[in-house]
Number of protein chains: 2
Amino acid sequence: MTVYPVKGIRLASAAAGICYKDRDDLVVIECQAGSSCATVFTQNKFSAAPVQLAKVHITQSIPRAFLVNSGNANAGTGEKGMKNAVQCCELLAGVLGCDVSEVLPYSTGVIGEQIPVQVFETAIPGCVKRLSEEANAWERAAKAIMTTDTVPKLLSRKAGIAGCEVSITGMAKGAGMIRPDMATMLAFIATDAVIEQTTLQQLLNEATRISFNRITVDGDTSTNDACTLLASGAVDMEPVVAGSTEYAQFSTVLTTVMQDLAQAIIRDAEGATKFITINVAGGKSEADCLAVAYTVAESPLVKTALFASDPNWGRILAAVGRAPVSTLDINQVNIRLNGVAIVTAGEPDSAYTEEAGMQAVAGTDITVDIELGGSAEAVTVWTSDLSHEYVRINAEYRT
Amino acid sequence: MTVYPVKGIRLASAAAGICYKDRDDLVVIECQAGSSCATVFTQNKFSAAPVQLAKVHITQSIPRAFLVNSGNANAGTGEKGMKNAVQCCELLAGVLGCDVSEVLPYSTGVIGEQIPVQVFETAIPGCVKRLSEEANAWERAAKAIMTTDTVPKLLSRKAGIAGCEVSITGMAKGAGMIRPDMATMLAFIATDAVIEQTTLQQLLNEATRISFNRITVDGDTSTNDACTLLASGAVDMEPVVAGSTEYAQFSTVLTTVMQDLAQAIIRDAEGATKFITINVAGGKSEADCLAVAYTVAESPLVKTALFASDPNWGRILAAVGRAPVSTLDINQVNIRLNGVAIVTAGEPDSAYTEEAGMQAVAGTDITVDIELGGSAEAVTVWTSDLSHEYVRINAEYRT
């Protein structure tokens, strides 16, 4: 895959030794003066120190630099964790010659341990010296932010906006503790298009809603989720404004990049052997459709059955039946597994055979279509299966 | 453990061959004329045919007999499943010489397959001939209703009520698809006390709320949950009436029996290696306390960490932080693991050591105490861990 550099956005990584050995675990991102920045953060009430600090900094200044580390989440670390986060931002601000409030911090990794500030102090100056717009700086950074991920998630597209060619390049990390609620565990997307902050935030909110906010591995919303969208404005063009054709064009490409990143997280989910798409349509509201989709997506019994390539549709039916929706007319419920009708009008489909069901779930990609009734509401949620490997990874995470 | 027979309640089991080979899978329970019966059923909207039929029958007659099978849930089986359930009740009613509406059906096992009515027809007459009040009839029945259970759940107590000695004996089955919502997957409790139906139902509702409705293995509410309480009235005593001292005495013993049965389900949960008690206190409402308790209890990350005997309290904190409660003042949150303070006033406890944490979760029984604030609300939920064996059992369930 081609990674398009984004004019005005420079990155560098370093092996600071925060937790891992012999691999990069620190990333600095810098955007040129005049860039806009939009952010969404986790809604977990125990949000991490860097999330809390970033929320304060964006009210004080326009962000210029982003300090990211893997191996330690700096979450559940109390006052000391907050002091450490401030100190790390000060270190980067000192080297760059900017105000501390122009630096946003991001951390991901183990919860409940203090971050080693000393290794930041050692690694930051060299990192800043190597800041680069080049594609390989993106590639190295996408690897540096990984924790239990097995592959980096990096996507890049060109878009023609108002006769200009702009780049949209983004990276994300995440494999477990994934049910983003506003954003997922660390995603950075950058463009060289000209978009002022309010419009950029609107674009990010809209795309997040149907990308990172539509995936779940384990239902466990992280304390550190954060998604950031940068627009350097390096391309010589008129600003993209809300409601325009250019806005719609840009939004389409941005949403594609973010959905592809979100889906890459699910394909790399802890222990995953299946990529499961759950479409729910016809509920009384979008919230009802989502409630059914997430109940099925997070049911351990559905997930273990699909891991076993077992078309145990009774478990899907039981999950639909326990979903927290106010009303459900089971006589209107249709369920299909990769196109094979299993339940029609609330009853086992008369044409269903176990052979057809087995074939439907044999492959890696499984689509579950659930129709609840006649409304026009429709949502899609992506999830993974629950395997032996999932238990192994999460039972051994700290050992 | 001593099993006390319940005067006026007779049971028998048979190896009908519904699904398993060489083991009992059919139980008939009969209560003497004048008995009262109280029931609670699953709130899963896709409730099974026997649940739907039982709900109709109790509006038509006072139950006299109960037909229970394991190996097949008769759920998701459509019109044919309902016809089969009716036919099975008719078979038992025919042999007993009672009306079909005096028979309540119960099924548990695989969802989505039709029950073989023929084997019921063959097995029921012999079963009825062997109906007995003896303790070993209870013991055999408690084994016959098992599915993925590895041990039968049978408990028995004596209570002194108004100068009379009464028996309370109960059995339950369940190990997976356990988050009862009104009752758990098949429980039968019987007493020879004299209690009329309305009072009996009140006793059952109150005890269910803090026993079977406080356990979760996987969050998956079953389509077949049902809990039945019988009072034969065989003891020569005044009826137990609501509001009396005798009511309170009986309620205490009944609740103990039902909590012990509920806890036995958790101890035998699929793949379980830990028995986890989650106490949540001080929330704005009981609903808020329960939301926090269930979010922690059903978090795959918390469950895998405890399986690994890893005091990864960051995952507990993250689960508390994402619980669906309206407000949460994290500065008031205290968390203890088997008495070891890990979070105090929303911050890592200053005296906490990893050694103390390791010791706290080393054993089989782990208590998580979570304080949210100053209110008098308090709930207890029991759950199990998530092990390799859980995945194996549920991936191989139908193979």
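1. Some details on the relation of the copies chain A and chain B
Consideration 1: Relative to chain B, chain A is turned by 180 degrees and slid 0.0 Å along the rotation axis, the superposed coordinates differing by an RMSD of 0.1 Å. What the rotation and shift describe, once combined, is the action of a two-fold rotation axis. If distances are taken from each C-alpha of chain A to the rotation axis, the shortest is found for His388 of chain A, at 2.8 Å.
Consideration 2: The overlap is high: 100% of the interface residues of chain A also sit at the interface in chain B, so the same surface is used on both sides.

2. What about the interface of chain A and chain B?
Consideration 1: Counting residues at the interface gives 47 residues for chain A and 47 residues for chain B.
Consideration 2: Mapped by element, the contributors of at least two residues to the side of chain A that touches chain B are α2 (78–96), α8 (300–307), α9 (313–322), β14 (347–348) and α11 (388–395) of chain A.
Consideration 3: Looking at side-chain class alone, the side of chain A that touches chain B contains 21 nonpolar, 16 polar and 10 charged residues.

3. Section: helix α2 (residues 78–96) of chain B
All names here are of chain B.
Consideration 1: Compared with an ideal rise of 1.5 Å per residue, which puts 19 residues at 27 Å, α2 spans 28 Å between its outermost C-alpha atoms and is within 8% of the ideal.
Consideration 2: The complete set of buried residues in α2 reads Gly81, Asn84, Ala85, Cys88, Cys89, Leu91 and Leu92. Here the buried residues of α2 occupy an arc of 150 degrees about the axis, which is enough to place them on one side.
Consideration 3: Along its buried surface, α2 packs onto β2 (26–31), α1 (49–60), β4 (65–72), β5 (103–110) and α3 (117–129).
Consideration 4: Positive backbone phi, approximately 75 degrees, marks Gly97, located one or two places after α2.

4. What to know about the domain arrangement of chain A
Interface size, as often reported, equals the accessible area lost upon joining of the parts.
All names here are of chain A.
Consideration 1: One can read the domain layout of chain A as domain 1 (9–267) and domain 2 (275–395).
Consideration 2: Between the C-alpha centres of domain 1 and domain 2 the distance comes to 33 Å.
Consideration 3: Counting from both sides, the interface comprises 11 residues of domain 1 and, opposite them, 11 residues of domain 2.
Consideration 4: Mapped by element, the contributors of at least two residues to the side of domain 1 that touches domain 2 are β9 (215–216) and α6 (245–267).
Consideration 5: For the side of domain 1 that touches domain 2, the leading source of residues is α6, giving 4 residues.
Consideration 6: When its residues are assigned to classes, the side of domain 1 that touches domain 2 shows 4 nonpolar, 5 polar and 2 charged.

5. What about the nonpolar core?
Consideration 1: Judged by nonpolar contacts, the single largest core of 270 residues is most densely connected at Ala293 of chain A together with Ala293 of chain B.
Consideration 2: Those residues in contact with Ala293 of chain A that lie beyond four places of it in its chain are Ile278, Val280, Val379 and Val381 of chain A.

6. So, the sheet that holds strand β16 (residues 378–384) of chain A
Residues and elements named next belong to chain A.
Consideration 1: The 7 strands lie next to each other as β9-β16-β11-β15-β12-β13-β14, forming an open sheet whose pairing is mixed. Where the open sheet ends on each side, the last strands, each with one partner, are β9 and β14.
Consideration 2: Against the sheet, α9 touches β12 (334–337), β13 (340–344) and β15 (365–371), its axis set at about 140 degrees to β12.

7. Examining unusual backbone geometry
Residues and elements named next belong to chain B.
Consideration 1: In this structure, Asp22 is a non-glycine residue whose phi angle is positive, near 55 degrees.
Consideration 2: Of note, Asp22 is situated in the loop between β1 (9–14) and β2.
Consideration 3: Asp22 gets classed as exposed once you count the C-beta atoms within 10 Å, which come to 6.
Consideration 4: Backbone geometry at Asn74 places phi at a positive 45 degrees, although glycine is not the residue there.

What counts, and at which threshold
- Residues numbered from 1 in each chain as written.
- Chains lettered and ligands numbered in written order.
- Predicted model: local features only at pLDDT ≥ 70, side-chain atom pairs only at ≥ 80, totals over all residues.
- Least-squares fit on C-alpha atoms with pLDDT ≥ 70 in both.
- Contact = placed C-beta atoms within 7 Å.
- Helix = DSSP H or I, 4+ residues; strand = E, 2+ residues; numbered from the N terminus.
- Nonpolar A, V, L, I, M, F, W, Y, C, P; charged D, E, K, R; others polar.
- Expected span 1.5 Å × (residues − 1).
- Buried ≥ 20, exposed ≤ 12 C-beta atoms within 10 Å, placed from the backbone.
- Arc of directions from axis to C-beta.
- Domains from an automatic or database assignment.
- Core = buried A, V, L, I, M, F, W, Y, C linked by C-beta atoms within 7 Å.
- Pairing = 2+ DSSP bridges.
- Axes fitted to C-alpha atoms, helices over the stretch in contact; angles between N-to-C directions.

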